Amino acid sequence: MIIFFLVLLVVSLMALAAEMILRSAYKIDNFGVDKYWLDFHGKTIPFEDFFPHNVFELLIFILAFSAFGLILSGASMPAAGSVFCGLIFGSLAIYSKKHLFFNIYVRAKREKLPKNRPDADDKAVCREEILDGGYGSIEFVYKGRKYILPAMSANETDIEAGEEVTVVHREEEICWVEKINEELREVEED
(Lines give C-alpha, C1' and ligand atoms only; values in the text may rest on other atoms or scores of the structure.)
Protein backbone atom coordinates (compact mmCIF):
# COMPACT_ATOMS: atom_id res chain seq x y z
CA MET A 1 0.00 0.00 0.00
CA ILE A 2 2.96 2.28 0.61
CA ILE A 3 3.90 2.11 -3.09
CA PHE A 4 0.33 3.06 -4.10
CA PHE A 5 0.38 6.17 -1.90
CA LEU A 6 3.93 7.03 -2.96
CA VAL A 7 3.06 6.90 -6.69
CA LEU A 8 -0.02 9.07 -6.14
CA LEU A 9 2.01 11.52 -4.07
CA VAL A 10 4.74 11.91 -6.70
CA VAL A 11 2.34 12.22 -9.65
CA SER A 12 0.07 14.75 -7.92
CA LEU A 13 3.03 16.76 -6.62
CA MET A 14 4.59 16.96 -10.10
CA ALA A 15 1.28 17.91 -11.74
CA LEU A 16 0.55 20.54 -9.09
CA ALA A 17 4.05 21.99 -9.38
CA ALA A 18 3.79 22.12 -13.19
CA GLU A 19 0.44 23.89 -13.00
CA MET A 20 1.72 26.44 -10.46
CA ILE A 21 4.85 27.12 -12.55
CA LEU A 22 2.76 27.65 -15.69
CA ARG A 23 0.33 29.88 -13.84
CA SER A 24 3.09 32.09 -12.46
CA ALA A 25 5.28 32.10 -15.58
CA TYR A 26 2.56 32.91 -18.10
CA LYS A 27 0.20 34.80 -15.77
CA ILE A 28 -2.66 32.49 -16.77
CA ASP A 29 -5.51 32.24 -14.28
CA ASN A 30 -7.57 29.67 -16.11
CA PHE A 31 -6.38 26.88 -18.39
CA GLY A 32 -9.91 26.05 -19.51
CA VAL A 33 -10.28 23.17 -17.05
CA ASP A 34 -11.14 25.26 -13.99
CA LYS A 35 -14.88 25.13 -14.59
CA TYR A 36 -16.71 23.60 -11.64
CA TRP A 37 -17.77 19.97 -12.04
CA LEU A 38 -20.25 19.95 -9.17
CA ASP A 39 -22.23 23.14 -9.17
CA PHE A 40 -25.37 23.42 -7.11
CA HIS A 41 -27.24 26.61 -7.95
CA GLY A 42 -26.84 29.21 -5.26
CA LYS A 43 -24.19 27.16 -3.43
CA THR A 44 -26.62 26.43 -0.61
CA ILE A 45 -25.55 22.89 0.21
CA PRO A 46 -22.56 23.03 2.58
CA PHE A 47 -21.28 19.47 2.01
CA GLU A 48 -20.20 20.39 -1.51
CA ASP A 49 -17.31 22.37 -0.02
CA PHE A 50 -15.63 19.09 0.95
CA PHE A 51 -15.40 17.79 -2.65
CA PRO A 52 -12.99 18.89 -5.40
CA HIS A 53 -14.70 20.96 -8.08
CA ASN A 54 -11.97 21.36 -10.70
CA VAL A 55 -8.61 19.90 -11.73
CA PHE A 56 -6.60 22.13 -9.39
CA GLU A 57 -8.67 21.06 -6.38
CA LEU A 58 -8.52 17.42 -7.50
CA LEU A 59 -4.72 17.60 -7.48
CA ILE A 60 -4.78 19.10 -3.98
CA PHE A 61 -7.18 16.36 -2.84
CA ILE A 62 -4.98 13.57 -4.26
CA LEU A 63 -1.85 15.15 -2.75
CA ALA A 64 -3.40 15.39 0.72
CA PHE A 65 -4.96 11.91 0.44
CA SER A 66 -1.71 10.26 -0.61
CA ALA A 67 0.50 12.13 1.90
CA PHE A 68 -1.72 11.25 4.86
CA GLY A 69 -2.23 7.69 3.61
CA LEU A 70 1.54 7.29 3.26
CA ILE A 71 2.08 8.48 6.83
CA LEU A 72 -0.59 6.12 8.18
CA SER A 73 0.69 3.17 6.13
CA GLY A 74 4.18 3.85 7.44
CA ALA A 75 2.73 3.73 10.95
CA SER A 76 1.40 0.19 10.29
CA MET A 77 -2.27 1.10 9.93
CA PRO A 78 -4.35 -1.39 7.92
CA ALA A 79 -4.89 -0.50 4.25
CA ALA A 80 -8.64 0.13 4.61
CA GLY A 81 -8.07 2.47 7.56
CA SER A 82 -5.35 4.45 5.83
CA VAL A 83 -7.50 4.86 2.68
CA PHE A 84 -10.53 5.96 4.72
CA CYS A 85 -8.52 8.41 6.83
CA GLY A 86 -6.77 9.68 3.68
CA LEU A 87 -10.14 10.41 2.06
CA ILE A 88 -11.28 12.31 5.15
CA PHE A 89 -8.01 14.27 5.27
CA GLY A 90 -8.25 15.09 1.53
CA SER A 91 -11.81 16.38 2.03
CA LEU A 92 -10.68 18.53 4.95
CA ALA A 93 -7.82 19.89 2.83
CA ILE A 94 -10.30 20.96 0.12
CA TYR A 95 -12.58 22.59 2.71
CA SER A 96 -9.69 24.47 4.29
CA LYS A 97 -8.44 25.57 0.84
CA LYS A 98 -11.86 27.02 0.01
CA HIS A 99 -12.50 28.72 3.31
CA LEU A 100 -9.36 29.25 5.36
CA PHE A 101 -6.57 29.75 2.84
CA PHE A 102 -8.66 31.61 0.29
CA ASN A 103 -9.91 34.10 2.89
CA ILE A 104 -6.38 34.64 4.21
CA TYR A 105 -5.12 35.14 0.64
CA VAL A 106 -7.87 37.61 -0.20
CA ARG A 107 -7.24 39.64 2.95
CA ALA A 108 -3.48 39.66 2.41
CA LYS A 109 -3.31 40.31 -1.34
CA ARG A 110 -6.39 42.21 -2.37
CA GLU A 111 -7.87 45.49 -1.42
CA LYS A 112 -11.60 45.63 -1.02
CA LEU A 113 -13.76 46.56 -3.94
CA PRO A 114 -15.44 49.94 -3.35
CA LYS A 115 -19.15 49.76 -2.56
CA ASN A 116 -20.06 51.79 -5.64
CA ARG A 117 -18.36 49.28 -7.96
CA PRO A 118 -19.32 47.78 -10.30
CA ASP A 119 -21.69 50.53 -11.29
CA ALA A 120 -24.23 50.61 -14.13
CA ASP A 121 -22.61 50.38 -17.60
CA ASP A 122 -19.40 48.81 -16.23
CA LYS A 123 -18.09 45.94 -18.34
CA ALA A 124 -17.25 42.48 -17.00
CA VAL A 125 -16.80 38.90 -18.20
CA CYS A 126 -19.13 36.08 -17.27
CA ARG A 127 -17.05 33.58 -15.27
CA GLU A 128 -19.71 31.00 -14.41
CA GLU A 129 -22.60 30.56 -16.83
CA ILE A 130 -25.98 32.00 -15.93
CA LEU A 131 -28.87 29.76 -17.00
CA ASP A 132 -32.66 30.18 -16.80
CA GLY A 133 -32.53 33.32 -14.71
CA GLY A 134 -30.39 31.55 -12.09
CA TYR A 135 -27.21 32.66 -10.40
CA GLY A 136 -23.75 32.69 -11.86
CA SER A 137 -20.67 34.83 -11.40
CA ILE A 138 -18.84 37.58 -13.24
CA GLU A 139 -15.22 38.63 -13.23
CA PHE A 140 -14.89 42.40 -12.83
CA VAL A 141 -11.54 44.16 -13.26
CA TYR A 142 -11.00 47.29 -11.18
CA LYS A 143 -7.62 49.05 -11.02
CA GLY A 144 -5.90 46.03 -12.54
CA ARG A 145 -7.32 43.57 -9.99
CA LYS A 146 -9.91 40.89 -10.69
CA TYR A 147 -12.97 40.51 -8.51
CA ILE A 148 -15.50 37.68 -8.72
CA LEU A 149 -19.07 38.69 -7.95
CA PRO A 150 -22.37 36.79 -7.99
CA ALA A 151 -24.61 37.78 -10.88
CA MET A 152 -28.01 37.20 -12.47
CA SER A 153 -29.23 37.91 -15.97
CA ALA A 154 -31.25 41.12 -16.14
CA ASN A 155 -33.27 39.84 -19.12
CA GLU A 156 -33.50 36.23 -17.90
CA THR A 157 -31.47 35.03 -20.88
CA ASP A 158 -28.72 32.44 -20.81
CA ILE A 159 -25.21 33.86 -20.61
CA GLU A 160 -22.31 31.52 -21.38
CA ALA A 161 -19.01 31.58 -19.50
CA GLY A 162 -16.52 33.88 -21.22
CA GLU A 163 -19.08 36.28 -22.73
CA GLU A 164 -18.70 40.00 -22.14
CA VAL A 165 -21.49 41.54 -20.13
CA THR A 166 -22.59 44.96 -18.98
CA VAL A 167 -23.73 45.60 -15.43
CA VAL A 168 -27.26 46.98 -15.50
CA HIS A 169 -27.96 47.21 -11.79
CA ARG A 170 -26.36 46.20 -8.50
CA GLU A 171 -28.39 45.26 -5.47
CA GLU A 172 -26.38 44.51 -2.32
CA GLU A 173 -23.90 41.84 -3.46
CA ILE A 174 -25.66 40.68 -6.64
CA CYS A 175 -25.05 42.25 -10.04
CA TRP A 176 -27.75 42.20 -12.70
CA VAL A 177 -26.06 41.88 -16.06
CA GLU A 178 -26.88 41.60 -19.74
CA LYS A 179 -24.86 40.51 -22.76
CA ILE A 180 -23.11 43.19 -24.78
CA ASN A 181 -24.97 42.12 -27.94
CA GLU A 182 -28.33 42.42 -26.09
CA GLU A 183 -27.46 45.99 -25.24
CA LEU A 184 -26.59 46.75 -28.87
CA ARG A 185 -29.81 45.09 -30.11
CA GLU A 186 -31.89 47.35 -27.83
CA VAL A 187 -30.15 50.46 -29.19
CA GLU A 188 -30.71 49.36 -32.81
CA GLU A 189 -34.42 48.72 -32.18
CA ASP A 190 -34.92 52.21 -30.76
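Here the structure is a predicted model, which means the values were calculated and not measured.

Asker: Please give an account of the packing of aromatic side chains that cites residues and values.
Answerer: Going through the model one piece at a time under the given rule, you end up with five aromatic pairs. Within the aromatic cluster, the residues linked to one another by ring pairs are Phe4, Phe5 and Phe65.

Asker: Break down unusual backbone geometry for me, with residues and values.
Answerer: The backbone of Ser76 shows a phi angle near 65°, a positive value even though the residue is not glycine. When you line up the elements, Ser76 lands in the loop between helix H2 (55-74) and helix H3 (79-109). Although it is not a glycine, Glu156 adopts a positive phi angle of roughly 55°. Along the chain, Glu156 falls in the loop between strand S3 (145-153) and strand S4 (164-171).

Asker: How would you summarise the side chain of Ser73 if you had to cite specific residues and measurements?
Answerer: Looking at the secondary structure, you find Ser73 in helix H2. Given the relative accessible area of 11%, Ser73 is considered buried. Other than its neighbours up to four places away in sequence, Ser73 contacts Met1, Ile2, Phe5 and Ser82.

Asker: Break down the side chain of Lys179 for me, with residues and values.
Answerer: Among the secondary structure elements, Lys179 is positioned in strand S5 (residues 174-179). This buried residue, Lys179, is left without a salt bridge; Glu163 holds the nearest opposite charge, at 4.2 Å. At 3.1 Å, the side chain of Lys179 forms a polar contact with the backbone oxygen of Asp158. Look past the residues within four positions of Lys179 in its chain and what remains in contact with it is Thr157, Asp158, Ile159, Glu163, Glu164 and Val165.

Calculation criteria
- Numbering of residues starts from 1 in each chain and follows the order in which that chain's sequence is written.
- With pLDDT at 70 or above as the cut-off, local features in this predicted model cover only qualifying residues; side-chain atom pairs require 80 or more to be listed or tallied, and sums for whole chains, interfaces and linings still use all residues.
- The basis for every side-chain value is the complete set of non-hydrogen atoms in the structure, without hydrogens or water.
- Two rings belonging to Phe, Tyr or Trp (six-membered ring only in the last case) form a pair when the distance between their centres is within 6.5 Å. Interplanar angles under 30 degrees mark stacking, angles over 60 mark edge-to-face geometry, and anything in between is tilted.
- Secondary structure elements are taken from DSSP: a helix is a run of H or I of four residues or more, a strand is a run of E of two residues or more, and numbering for both begins at the N terminus.
- Think of it in three bands: residues with accessible area under 20% of the maximum for their type are buried, residues over 50% are exposed, and the middle band is partly exposed, with areas taken using a 1.4 Å probe on protein chains only.
- Contacts are assigned to residue pairs that have any heavy atoms within 4.5 Å of one another.
- In this tally, Asp and Glu contribute negative charge and Lys and Arg positive charge; neither His nor the terminal groups of the chain are included.
- For salt bridges, the criterion is a side-chain nitrogen of Lys or Arg within 4 Å of an Asp or Glu carboxyl oxygen.
- As used in this structure description, the phrase polar contact means that two N or O atoms lie within 3.5 Å; if the pair is within protein, one of them must be able to donate a hydrogen and the other to accept it, and residues adjacent in sequence are counted only when both atoms belong to side chains.

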